[in-house]
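Secondary and tertiary structure notes
Below are the chains, spelled out letter by letter.
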Amino acid sequence: MSTQWLRFVDRFPHIIGLLLTGAVVTVIVTAGAFVVSVLLGLAFAGFRTSDSRLLRALAHAYVEVFRSVPVLTQLFIVYFGLAALGIRLSPLPAAVVGFGLNGGAYLTEVFRAGIEAVARGQTEAALSIGMTKLTALRVIVLPQATRIVIPALANFAIGLLKDTSLASAVAAPELSFNANMLVKETYLSTQIYMSVAAIYLGLSLPLSALSRALERRGARGSRA
Amino acid sequence: MISAATLALVREWMPELIVAAGYTLRMAVLAYGLGLVAGLLVALGEMSRRRWLSRACRVYIEFIRGTPTLTQLFLIYFGLPSVGIVLPSFAAAVVALGLHYAAYMAEIYRAGIAAVDQGQGEAASAIGMSRAEAMRHIVLPQAIRIIVPPLANNAVALLKDTSVASLIAAPELMMRADDITSEFYMPMQVYCLAGVMYFIMAFPLSLGARWLERAMARSRIRARRA
C-alpha cells in the first residue's frame, strides 16, 4: 500500500499532466454535447408544442425512445453501428453526437415544461397585437421560459459532464480514457482513480454551486 | 440492413440476449435494494445530532454526486483489490451502483422527511415517543407519499446505468451485446436489438413511475382536504 503511494508521488507530474490533458478534452466533449443537446431540445420542444399532430408524435417518440435506452448503448450505436454502415466518426465527434442525441431528449422535456409554464395569456396577447406564432414564441415566450429552465440546464450540464466518462469506452481521449491508460501502465488504480474523482469533483462542484445560485436567483425573479 | 439472413441471426442471438437481460434485471434489483437501505441510513445519519456523522454523510453525498458512476465502479473493481478486497465483476457492479444510488436516494428521503410538518414529530415526542420511534411510526409513513415517485424514477435510471457494468465485463445485457458484436461484427443490428430490449424493460417502468407520481399527488390532495 505505502509503496504504491510512494510510486504515485514519484510519477505524479507525469500522471497529473495526462489527467489534466484529458480533463480539457472532457470539458470540450461536454461543451459540444451541451450545444447539440440544446439545439435538438429546442427543435423538438417546438415540435412537441406545435399544432401538427405528426410533429408532436415524432417528438414524443424521440423523447421516449432516447430516454429509455442507456446512453452507453446509444453511444455504441453511433460509434460502432454507424461505422459498420460506412459512416466512420472519430471518437470525439461520435461522443458529441451520441451524448447530444441523448441529452436532446431530456432537454426537449425541460424546454417543453418551460414553454408550458409561461402563461397562455402571454401568447394570446402577442397574437392579438398581430405577431405571428413564431415571433410570439421568439420574443415573448422563450425569454420568459429561459429564466424557468436555467436551473434545470445547469443540472443537466453536471450530469452530462459525468456521463462523458463513458466516452472512454469509444476511445475518446478524455479524462477517464487517459486514466485507464495510466492504470494499465502503472497499476496504481486506487491512486489514479482517486485523482480522477478529485478532478471531476473540481469540475462539477463549481457547476453545482452555480446551479444552486441560479435556482435562488430564479426563485427571486419569478416572485418579482 | 434487415434481410432474411439478418433475421435468422437475430433469432440466434435472442435467447442469449434474453438471458443477459435477466442478469441486467437481477443486477438492477440487487443494487436498488442496497441503495434503498444504504440511502435511508445515509439520510438518517445526515439528520443526526452528532456533528461528525452528519458531516460525513454530507461529504459522502457530495462525493458520489460529483463524480461519474464509472469512476466509482473502477475504484471498487480495480482499486479495492490493492487493499485486499477482491470482488467479482457482478458483485462490484451491484455494490458500486447501490452505493451510487444511495447518495441520490438519501437526498430524496431527506426532502421527504423535511416535507412532513414539524408539529408531527413534536406531537410524537410530547406523547413520550423517542426520536427513533417518532421517525418510524409518525414521520416516515407520511413521508412515503412524497418519497415514492422520485424513488421510482431512480429505478428507471438505475436500470439503464447497469449497462456501465459491461465496462468491467460484468455479465449483463450490454456485455453480451459486445460479445455478439465481436463475434459477428454487426454492431448496428446487435446494439439496436440491445436498445430495444432496454426500451422494453425501461419504458413500462417509467410509465409506472409517472402513474405513481399522479396517484401520489392525488392522494396528497385528498389527505390535505380530510
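Here is what the cut-offs are and how they apply
- Along each chain, residues carry numbers from 1 onward, in the same order as the chain's sequence is written.
- The order in which chains are written sets their letters, starting at A; the order in which ligands are written sets their numbers, starting at 1.
- It should be noted that, the model being predicted, local features are given only for residues of pLDDT at least 70 and side-chain atom pairs only at 80 or more, the latter also being counted only at that level, while totals for whole chains, interfaces and linings use all residues.
- Excluding hydrogens and water, the side-chain figures rest on all heavy atoms present in the structure.
- UniProt positions are given in the numbering used here, feature names are shortened, and annotations may be inferred rather than shown by experiment.
- Helix and strand assignments come from DSSP, with helices taken as H or I runs of at least 4 residues and strands as E runs of at least 2, each series counted from the N terminus.
- Under the scheme applied here, a residue whose accessible area is under 20% of the maximum for its type counts as buried, over 50% as exposed, and between as partly exposed, the area being computed with a 1.4 Å probe on protein chains only.
- Contacts are residue-level and defined by heavy atoms, with any inter-residue pair within 4.5 Å sufficient.
- By convention, the term buried area covers the 1.4 Å-probe accessible surface removed from two parts as they join, with the contributions of both added.
- Should a side-chain nitrogen of Lys or Arg be within 4 Å of a carboxyl oxygen of Asp or Glu, the pair is scored as a salt bridge.
- Residues adjacent in sequence count toward polar contacts only when both atoms are side-chain atoms; beyond that, a polar contact is any pair of N or O atoms within 3.5 Å, and within protein one must be able to donate a hydrogen and the other to accept it.
- Amino acids outside the nonpolar list (Ala, Val, Leu, Ile, Met, Phe, Trp, Tyr, Cys, Pro) and the charged list (Asp, Glu, Lys, Arg) are all regarded as polar, and Gly is one of them.
- Simply put, an axis is a line fit to the C-alpha atoms, just over the touching stretch for a helix, and the angle between two N-to-C directions goes from 0 to 180 degrees.
- Any angle from 65 to 115 degrees is called roughly perpendicular, while one under 35 is roughly parallel, one over 145 is roughly antiparallel, and all others are oblique.
- Put simply, a crossing is left-handed when the front helix is turned counterclockwise from the back one by less than a right angle, and right-handed when it is turned clockwise.
- Surface patches are drawn from residues lacking salt bridges whose relative accessible area is over 30%; two like charges belong together within 9 Å, two nonpolar side chains (Val, Leu, Ile, Met, Phe, Trp, Tyr) within 5 Å.
- Surface accessibility follows the Shrake-Rupley procedure with a 1.4 Å probe radius. Residue values consider only the protein chains on display as shielding.
- In summary, the charge assignment counts Lys and Arg as positive and Asp and Glu as negative, without counting His or the chain termini.
- All charge positions are set by atom: Lys at NZ, Arg at CZ, Asp at CG, Glu at CD.

The name that an unreviewed UniProt entry assigns to chain A is Amino acid ABC transporter permease, with the source organism given as Lichenibacterium ramalinae. Per UniProt, chain A has the following entry under Sequence similarities (unreviewed entry): "Belongs to the binding-protein-dependent transport system permease family. HisMQ subfamily."

Turning to the overall build of chain A, a few remarks are in order. If you tally the helices and strands in chain A, you get nine helices and zero strands. Reading chain A from its N terminus to its C terminus gives the helix and strand order α-α-α-α-α-α-α-α-α. For chain A, the spread of C-alpha atoms along the principal axes amounts to about 75 × 50 × 25 Å. Per-residue burial over chain A gives 45% buried out of 224 residues. A separation of at least 24 residues holds for 76% of the contacts in chain A among residues at least 6 apart in sequence.

The next subject is the interface of chain A and chain B. The partner chain B presents 33 residues to the 35 residues of chain A that form the contact. Taking both partners together, chain A and chain B bury about 3,000 Å²; carbon and sulfur atoms supply 71% of that area. Taken as a group, Ser68, Lys162 and Tyr193 of chain A account for 18% of the area that chain A buries against chain B, more than any other trio of residues on that side. If you look at where chain A meets chain B, you find one salt bridge. The closest approach of N and O atoms between Glu64 of chain A and Arg210 of chain B, which form a salt bridge, is 2.9 Å. Applying the counting criterion to the chain A and chain B interface returns nine residue pairs in polar contact (both at pLDDT 80 or more). Secondary structure elements with two or more residues in the side of chain A that touches chain B: helix H3 (53-68), helix H4 (71-84), helix H8 (175-186) and helix H9 (189-223) of chain A. Among the elements that make up the side of chain A that touches chain B, the one with the highest residue count is H9 of chain A (10 residues). By residue class, the composition of the side of chain A that touches chain B is 21 nonpolar, 11 polar and three charged.

Next up on the list: the side chain of Ser37 of chain A. If you trace the backbone, Ser37 of chain A turns up in helix H2 (residues 12-48). If we skip the residues at most four places from it in the chain, Ser37 of chain A touches Phe99, Gly100, Gly103, Gly104, Leu107 and Phe156 of chain A.

Right, let's talk about the UniProt feature "domain: ABC transmembrane type-1" (unreviewed entry) in chain A for a bit. Per the UniProt record, "domain: ABC transmembrane type-1" (unreviewed entry) is found at residues 23-211 of chain A. In residues 23-211 of chain A, helix accounts for 84% and strand for 0%; the two terminal C-alpha atoms are 21 Å from one another.

What follows deals with the packing of H2 of chain A against H8 of chain A. Residues and elements named next belong to chain A. Close contact between H2 and H8 brings their axes to 7 Å; oriented N to C, the two are set at 155°. Between H2 and H8, the angle falls in the class roughly antiparallel. Between H2 and H8 lies a crossing of right-handed hand. Listed contacts from H8 to His14, Ile15, Leu18, Leu19, Thr21, Gly22, Ala23 and Thr26 of H2 are Leu175, Asn178, Ala179, Leu182 and Glu185. Looking at the contact of H2 with H8 residue by residue, the class counts come to seven nonpolar, five polar and one charged.

Residue and element names in this part refer to chain B. On the surface, Arg145, Arg214, Arg218, Arg220 and Arg222 cluster together to form a positively charged patch. Take the positive patch: its biggest share by element is four residues, from helix H8 (residues 187-225). Structurally, Arg214 is set in helix H8.

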